[in-house]
Every structure is written in structure tokens, then in C-alpha cells.
Amino acid sequence: MRSVDEQLAMVIDATPTPEPIRVGITDALGLMCAEEVAATTALPGFTQAAVDGYAVRAVDVGGTRGISPIDDRDSDEDPRAEHERSLPVLGEVAAGSQKPLRLQPRQAVRVATGAPLPTLADAVLPLEWSDRGRKRVSAYRPVRSGDFVRKPGDDISPGDLAVRAGTVLGPAQIGLLAATGKEKVLVYPRPRVTVMSYGLELVDIERTPGLGQVYDVNSYALAAAAKDAGADVTRVGIVNAEPRKLKEQIAYHASRSEILVITGAVGGSSAKPIQEALGELGEIDTTRVAMHPGSAQGFGLIGPERVPTFLLPPNPVSALVIFETLIRPSIRTALSKRVPTRRVVKARSLGPIESIAGRVGYLRARLMRDAHTRDYLVESIGGVGGAPAHLLAGLAEANAMIRIPEDVTDIRPGDEVDVIFLQQRA
């Protein structure tokens, strides 16, 4: 029996990294950048106002008090002094304006955030620091040269590195690419994952199952899981059981995939046709892995491109546990993620848990936090072997998996366990 770590190492070693492709930045979110992107222009490209206010020369509103409004003047001061200390407002410049203005000494121009600064202006007096005058403006506070002004290249200068190779492109990186005029970027694409189901007992969800038949749950669940992991997914659904057509379907989809997932075809006489077809296309190792649920599984490489191919059991819980343990890390590795596995935290068990000796247990669970201590708490959903096995009743309630080492068979309430995050719940 192979250990989980050995199986995972074999899977990761066989995982291909798709060749980089160039895509529009609107399609690059979440992908890893495959090139060094240098800025070709300055950002911002011109001197602009950083706030709504008045473009001024700092010297004209300098001093410790600035040009105070009439209410702040000394009681014995001539009222005409207020007019002398205020500045005439020449006009207004909106963001996007292409009409240059020239400021004269002791003048002001009202400007919007992002508007080009008039010539000779070296500061912006914020609206909040003024009386908001339309024809003349009085300042409550002085400003210094450069205050509330964005100068060319403040964010980035020509030749500066805007986005590094190996960076996962998030909203900020996409915005920076747009700001530097980059329409397309070289990225590692999402791996193409094909999911198919095999089994004479399966029917698709648009049909009503007859006696001895069940819905094809796995292809839908696994396709959703692969998409959630970041893959470009093709869900084939139920494949034809006739040997020649079966082989043709597998070969066709393998040639168009980086990862192939076939569920319902691990052991027993019913799985013999698909295993024979795979044997003609490549090498598949059907073995036992020291884990529960999902011990019975297969993995190998098929076709001229030696496509990593997974064989999963028909039980939905087992199939999804294997996906989380082995296939998701493969997808994340193909995406060039530095850490392909889920986050693991320590949590205190709220109840007793049993596990199988000699196998790593992966039990569906509900993870929560103590309102007072902020410690993680976890309760198991299902018992030994992942029971109950029905999909919605157990899996829909789980937001985590408890991972129990192979040498541990009993967990007591209060014991600390490793818990793998599956999803955040509202």
C-alpha cells in the first residue's frame, strides 16, 4: 500500500506546466504572470491635482496663518485687508481637461482631483482648507510647494518594473497593467481538465433513474471542484461503454487535456473495459493508497503527450476526498502556484473521532471559531470511512476536512487536530 505522500509526490512530478500564452488583461485575473512587465510611460503622465481644491502658488498662501478669512482677522484690522489676502479664482479645470491654463502670481484656479495643474501652480489648496469661494478664495491653512500634487512618475517611471514574472495577477496588478497601457500579458494558462464518468448504472440528470440506476453525480461535482481549483474544465459526462468507442473517447479528450479524470472505474469486473482501454493508451497504476476514504484509486500517464490520468471510485465522497488530496494540488501545480495545497490550521475537536489504523483519515468537518478565545473548533460530519456517503447531506455541510495521521485511531473531545480549509462559509 502506497502512502499519501508517495502518491502525491508521484502526481506532482508528472504534472505538466502549460506553455505560457498571451491573453487580454481582462482574462488574466488569477493567472501567474510569465514575463517581466516594464512601464513604457510615466504614471501619472502629467502633473495633476491629488484632491479637489484650488491650484495655487504656495508662496501666495504661505506663512503660519495663510490668507485667513475675515472672521479670523484682528478686531482692529481694516476690513479691506481681507480682500487683499484672498485670491481671485480665474476659472475651473476638470479631470481630463486638455486646455492648458497659466497661473499668474496671486491667482487661483479651481481644480478637480486628477485635473492637470496650470503652469506655475506648485500646490493645491484643498476645498476643506478654504472658504470654497467661486470668484475669490480665502485659505484657512497654508500649503507648501508640492502639497496635494501628483508629479509625473510618482507611481511609476518609464523603465520601472510594473509586474514581476511569477506574480499572481490580482485586481491591483490588472489595474497597473492597464495604467501602463498593456493590453495583453504573457501568463501561464489554466490547465485543461476533462472529467468523465463510467458506469452502466449511471444516467444523466435530465433522465429519471430506473431500477438499479443512479444519477451521474461525480462528473458534476468533480467538474465544479476542478473549476474552483482554477482549471479550464470540460465535463464529458457518461462515456460510452462499447470498447472501441470508449478508447476513442478517452484518446480524443486526452489529446485536448493537461489532466484527465475518470470516475467510477477503479476495481471489479465492471471496470475491466475501461482499464483495458487505458492500458492500450498508456500506463495506469491501480493501487491502494493509505488513506480513507478513497483508498482504491488509479493514476498513470496516457497518450503521446503522457497526460496525467486519475481513476476514481464511484462513491462521491471518496472521489471528492481524492480530488482534494491529489488532483487539486496537481491543478494548482500546473498553474505554477508556489503552495499547491490548502491551508491547514490547528483546531480542538468538539467530539470523539475514530480513524482506521495505518491510513491517513480525511473526514468531512465543520470548522468554527470560539467567540471569546478565537481558537479554532471543529466537529466531524461522518464517521469512519467518511460515512455517510450521500453527497448533499454530508458534503454540503462541510467547510473543512480533519486530517488524522495514520498512527492515530482515536481522537478525544478537546484534542488538537489538523484541519484543512475547504471553503469559507457565510
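Residues numbered from 1 in each chain as written. Predicted model: local features only at pLDDT ≥ 70, side-chain atom pairs only at ≥ 80, totals over all residues. Heavy atoms only, no water.

- Per an unreviewed UniProt entry, the chain goes by Molybdopterin molybdenumtransferase and derives from Corynebacterium aquatimens.
- Taken verbatim from the UniProt record of the chain, the Pathway (unreviewed entry) comment is "Cofactor biosynthesis; molybdopterin biosynthesis."
- Here is the UniProt Cofactor (unreviewed entry) comment for the chain, exactly as written: "Mg(2+)". (UniProt positions renumbered as here; feature names shortened; annotations may be inferred.)

1. Brief notes about the pairing of strand β21 (residues 307–312)
Then step 1. Summarising burial for β21: 6 of the 6 residues are buried, a large majority.
Then step 2. On β21, burial covers both faces: Val307, Thr309 and Leu311 on one face and Pro308, Phe310 and Leu312 on the other are all buried.
Then step 3. By the bridge criterion, 4 bridges tie strand β17 (residues 259–263) to β21 in an arrangement that is parallel. Within β21, the position partnered with Leu260 by the bridge is Thr309.
Then step 4. As judged from the 5 bridges shared by strand β20 (residues 296–302) and β21, these two strands associate in the antiparallel manner. Across the sheet, residue Gly298 finds its bridge partner in β21, namely Leu311. (Buried < 20%, exposed > 50% of the residue type's maximum accessible area, 1.4 Å probe, protein only. Helix = DSSP H or I, 4+ residues; strand = E, 2+ residues; numbered from the N terminus. Pairing = 2+ DSSP bridges.)

2. Details of the sheet that holds β20
Then step 1. Overall, mixed pairing links the 6 strands, which are arranged β16-β13-β17-β21-β20-β18 in an open sheet. Here the strands that pair on one side only, and so sit at the sheet edges, are β16 (232–238) and β18 (282–288). Looking at each pair of strands side by side, their axes are set apart by 15° on average, direction ignored.
Then step 2. Sheet analysis places strand β13 (residues 192–197) next to β16, joined by 6 bridges and oriented parallel. Counterpart to Thr194 in the pairing with β16 is Thr234.
Then step 3. Taken strand by strand, helix α4 (residues 218–229) contacts β13, β16, β17 and β21, and its axis lies near 175° from that of β16. (Axes fitted to C-alpha atoms, helices over the stretch in contact; angles between N-to-C directions. Contact = heavy atoms within 4.5 Å.)

3. Considerations on a negative patch on the surface
Then step 1. On the surface, a cluster of negative charge is contributed by Asp5, Glu6, Glu406 and Asp407.
Then step 2. If you trace the backbone, Asp407 turns up in the loop between β26 (400–404) and β27 (410–411).
Then step 3. By relative accessible area, Asp407 is classed as exposed at 65%. (Patch = residues over 30% accessible without salt bridge, like charges linked within 9 Å, V, L, I, M, F, W, Y side chains within 5 Å. Areas by Shrake-Rupley, 256 points an atom, 1.4 Å probe, with all protein chains shown as cover. Salt bridge = Lys/Arg side-chain N within 4 Å of Asp/Glu carboxyl O. Lys, Arg positive; Asp, Glu negative; His and termini not counted. Charge placed at Lys NZ, Arg CZ, Asp CG, Glu CD.)

4. Considering the pattern of salt bridges
Then step 1. Taken as a whole and judged by the stated rule, the model has 19 salt bridges.
Then step 2. One salt bridge connects Lys182 with Glu35, and the closest N-O pair in it is separated by 3.9 Å. With Lys182 in the loop between α3 (171–179) and β12 (184–188) and Glu35 in the loop between β2 (32–33) and β3 (37–38), this pair connects stretches of sequence that are 147 residues apart.
Then step 3. Take Lys182: its relative accessible area is 25%, and that puts it in the partly exposed class.
Then step 4. Between Arg134 and Glu92 there is a salt bridge, with the nearest N and O atoms lying 3.4 Å from each other. Residue Arg134 is located in the loop between β8 (123–126) and β9 (136–137), and its partner Glu92 is located in strand β6 (residues 87–93); the two are separated by 42 residues in the primary sequence. Of the two residues examined, Arg134 and Glu92, each falls in the exposed class.

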